Each structure stands twice: as C-alpha cells, then as structure tokens.
Amino acid sequence: MSSCKYTSTLVDTKPKLSAATGVPYEDPTHYRCLVGVLQYLTFTRPDITYVFQQVCLFMHAPRIEHINALKRIIWYIQGTLDYDLHLYPSSMSTLVSYTDADWGGCPDTRWSTSGYYMFLFNNLISWSSKRQSTLSRSSAEAEYRGVANVVLESCWLSNLLLELHCPIQKATLVYCDNISAIYLSGNPVQHQRTKHIEMDIHFVREKVARGQVRVCHVPSRYQIADIFTKGLPSVLFEDFRNSLSVRRRPL
C-alpha cells in the first residue's frame, strides 16, 4: 500500500464498529499481523491510539468493515509520514491531564470507552484509550471511572519522578468536562445514587482531600481527550492533534 490514497482523519463520525455485523474477513491471520505491526507506532503517534484500540477489539473474528478500518489507518499514516511526537526542554513544575469517556459507545456491550493524556509541563508523556470493563449506568459514572484511571496513572508517575529525584511539588490537575464527576470527586458524602460504583473508585476523593489532585472543569469544545474516545471531524481532529504536540518534523 505504498502508493495508497491519503485521508485526513483516521475514523469517521458514524457509529462505532461492531463485532456482529458484516461479512467475516477471509484471512484473520493477516489482520492480526497488521494490527501487531501498528502497535509499535502508537509509542510515538498518540493520534492513532483510539482507532488502534478499536481494531484491536476484533482480533478474534475480524470482518470486512474491520479490515477497511485498518486500511484507513494506513491511508492516514501514508499522508502523515513526516509527523512525530515532539518533546521540548522545560522545567518540571506540574502534571496536567485531560480525561474523557464515551458513555455506552460500544454497540455490542454498551461499555464505555475511557481516554486520557498527561502532560509534564509542555511534554506529552502518557496517554491511553481503553474500553471500560464494566457497564456504567450513567455518563457521570463513566466519566468518574475515567478520572479514577488518570489519577491512578498520575500517582504512578509522581512516585517515579520522586525516585528520579524530580518530585512534583504541586497538585496534579485533572480536567474533565462532566460536572457531576467533578462534584463526586470532592464530595465526602456517600449518596444512594453512587453506591453501585465500586469502592476502589473512591480513592480519588482521598487524593483530592490530601491536596495531591485537583479535578477541574473544561468545556467540551476544549476537551482534547475526545481524540482518544471517538471519531472527530477533520478540523477538530487536526486541532487536537496539534495540541498533543504531534507535528511535522522540522526541515
């Protein structure tokens, strides 16, 4: 596919791929091999993380629409071969993260997809797009699970930096666009409506109470973590990609 066409986005905005529709692909081994090769590219190209996570869900029984989605990744890469993740010299001051969840987005299980990314000053150092392992009964619960995931990651990174003698002096900032999830992170009262959430999720409140984490609101228009949870229009996708410091390499 060295001479394949170019597409400006990785995935369109239509509903997500399903495991139950379409014609089975005749060569599942070929599908799995191509997915395995692309896995290494996600280490330096966070912009393909979401769609890569999507095609990985169908390794057991790929279908024609799945291989077409996989080929679209190749089309996108063909047009962005000169793009890389850029890192810049900076003084380490704080960890800043954005988290989002696509509530009930999976058409087969209605599980949600969580995505986050984390900056150490101006450098992207951690990102993830992953389908949640349980069903969320509300968007607030799905978003809160996403907040819990990024807080767990921030704790690990803070401990790592401490061992490297570069301690983080300020609280980690976690930006979320769901008001209810933000309220739950700082409210010490256990309400009836939240009792169905697992107890280990509530460690976020402890981190907030200790001043190690601050959960803040960000308008949906500026929720860059959307790039890890859903398909976006080309203009918005390119804007968010640039915000992740995925840019053309200098001449």
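Residues numbered from 1 in each chain as written. Predicted model: local features only at pLDDT ≥ 70, side-chain atom pairs only at ≥ 80, totals over all residues. Heavy atoms only, no water.

Chemist: What should I look at first to understand the overall build of the chain in this one?
Modeler: In terms of regular secondary structure, the chain is built from seven helices and seven strands. For the chain, the sequential pattern of α-helices and β-strands runs α-α-α-β-β-β-β-α-β-α-α-β-α-β. Rg of the C-alpha trace for the chain: 19 Å, near the compact-globule value of 18 Å for 251 residues, within the 12% margin. Per-residue burial for the chain yields a buried fraction of 49% across its 251 residues. Total accessible area computed for the chain in this model is approximately 13000 Å², and 58% of it derives from carbon and sulfur atoms. Side-chain charges of the chain comprise 26 positive and 21 negative groups, with the mean position of each set lying 2 Å from the other. (Helix = DSSP H or I, 4+ residues; strand = E, 2+ residues; numbered from the N terminus. Rg over C-alpha atoms; globule rule 2.2 N^0.38 Å. Buried < 20%, exposed > 50% of the residue type's maximum accessible area, 1.4 Å probe, protein only. Areas by Shrake-Rupley, 256 points an atom, 1.4 Å probe, with all protein chains shown as cover. Lys, Arg positive; Asp, Glu negative; His and termini not counted. Charge placed at Lys NZ, Arg CZ, Asp CG, Glu CD.)

Chemist: Before we go on, may I ask you to explain the state of the cysteines in this structure?
Modeler: Any covalent bond linking the sulfur atoms of two cysteines counts as a disulfide. Across all of its chains, the model carries zero disulfides by this definition. No disulfide involves Cys106; its nearest neighbouring cysteine sulfur is the one of Cys56, lying 14 Å away. Look at Cys106 and you get buried, because its relative accessible area is 6%. Of all cysteine sulfurs in the structure, the one in Cys216 sits closest to Cys155, which takes part in no disulfide; the separation is 16 Å. By relative accessible area, Cys155 is classed as buried at 19%. (Disulfide = S-S within 2.5 Å.)

Chemist: What exactly am I supposed to notice about helix H4 (residues 139-163) here?
Modeler: Three- or four-residue spacings in an α-helix give side chains the same orientation, since the helix completes a turn every 3.6 residues. Between its first and last C-alpha, H4 extends 37 Å over 25 residues, near the 36 Å set by a 1.5 Å rise per residue. Trailing H4 by a residue or two, His165 shows a phi angle of about 60°, which is positive. (Expected span 1.5 Å × (residues − 1).)

Chemist: Even after reading the chapter, I still don't get the layout of surface pockets, so can you show me in this structure?
Modeler: With a probe scaled to a water molecule rolled over the atoms, the places where space remains empty come into view. Space inside the second largest pocket adds up to approximately 350 Å³. Forming the walls of the second largest pocket are 18 residues, and the residues nearest its centre are Val11, Asp12, Lys14, Pro15 and Leu17. Every element with two or more residues in the lining of the second largest pocket is listed here: helix H2 (49-56) and helix H3 (64-79). In terms of residues, the lining of the second largest pocket owes the most to one element, H3, which gives four residues. (1 Å grid on protein atoms, 1.4 Å probe; cavity = no way out; pocket = protein on both sides within 12 Å on 5 of 7 lines; lining within 4 Å. Points joined across faces, edges and corners; volume = space filled by probe spheres on them.)

Chemist: What is the right way to look at the side chain of Asn123 in this model?
Modeler: Assignment of secondary structure puts Asn123 in strand S4 (residues 123-131). Looking at Asn123, its side chain comes within polar contact range of the main-chain nitrogen of Tyr88, at 2.6 Å. Leaving out residues up to four positions away in the same chain, Asn123 has contacts with His86, Leu87, Tyr88, Ser90 and Met118. (Polar contact = N/O pair within 3.5 Å; in protein donor to acceptor, adjacent residues only side chain to side chain. Contact = heavy atoms within 4.5 Å.)

Chemist: I keep staring at unusual backbone geometry and nothing clicks. Help me out?
Modeler: Leave glycine aside and you will find that most residues have negative phi; peptide bonds, for their part, are mostly trans. Of note in this structure, Arg110 is not a glycine but carries a positive phi near 60°. Looking at the element boundaries, Arg110 is found in the loop between strand S2 (95-102) and strand S3 (113-120). Judged by its relative accessible area of 47%, Arg110 falls in the partly exposed class. At Ser245, a position not held by glycine, the phi torsion is positive, near 65°.

Chemist: What's the story with the pattern of salt bridges in this structure? I'm lost.
Modeler: One side chain can pair with another of opposite charge once the charged atoms of both are near each other. Counted under the stated rule, the structure contains nine salt bridges. The partner of Asp82 in a salt bridge is Arg248, and the shortest N-O contact between them spans 2.7 Å. Of this pair, Asp82 sits in the loop between H3 and strand S1 (83-85) while Arg248 sits in strand S7 (residues 246-248), and the two are 166 residues apart along the sequence. Judged by relative accessible area, Arg248 falls into the partly exposed class, the value being 49%. One salt bridge connects Glu206 with Arg210, and the closest N-O pair in it is separated by 2.6 Å. Since its relative accessible area comes to 37%, Glu206 is described here as partly exposed. Overall, Arg210 belongs to the exposed group, its relative accessible area being 55%. (Salt bridge = Lys/Arg side-chain N within 4 Å of Asp/Glu carboxyl O.)

Chemist: Explain the sheet that holds strand S6 (residues 213-217) here, please?
Modeler: Hydrogen bonds along the backbone pair up the strands of a sheet, which may run parallel or antiparallel. Taken in spatial order, the five strands make up an open sheet running S4-S3-S2-S5-S6, and their pairing is mixed. The open sheet has two edge strands with one neighbour each: S4 and S6. Strand-to-strand twist across the sheet, computed as the mean angle between neighbouring axes with direction ignored, equals 20°. Examined bridge by bridge, S2 and S3 share eight bridges and lie antiparallel to one another. (Pairing = 2+ DSSP bridges. Axes fitted to C-alpha atoms, helices over the stretch in contact; angles between N-to-C directions.)

Chemist: Honestly, empty space enclosed by the protein in this entry has me stumped. Any pointers?
Modeler: If you walk through the whole model with that rule in mind, you get two cavities of 30 Å³ or more. Volume-wise, the largest cavity comes out at about 80 Å³. In terms of lining residues, the largest cavity is bounded by Thr9, Leu10, Val11, Asp47, Tyr50, Val51, Ile227, Lys230, Gly231, Leu232 and Phe237. Tallied by class, residues from the lining of the largest cavity come to seven nonpolar, two polar and two charged. In this structure, the second largest cavity encloses a volume near 40 Å³. (Nonpolar A, V, L, I, M, F, W, Y, C, P; charged D, E, K, R; others polar.)

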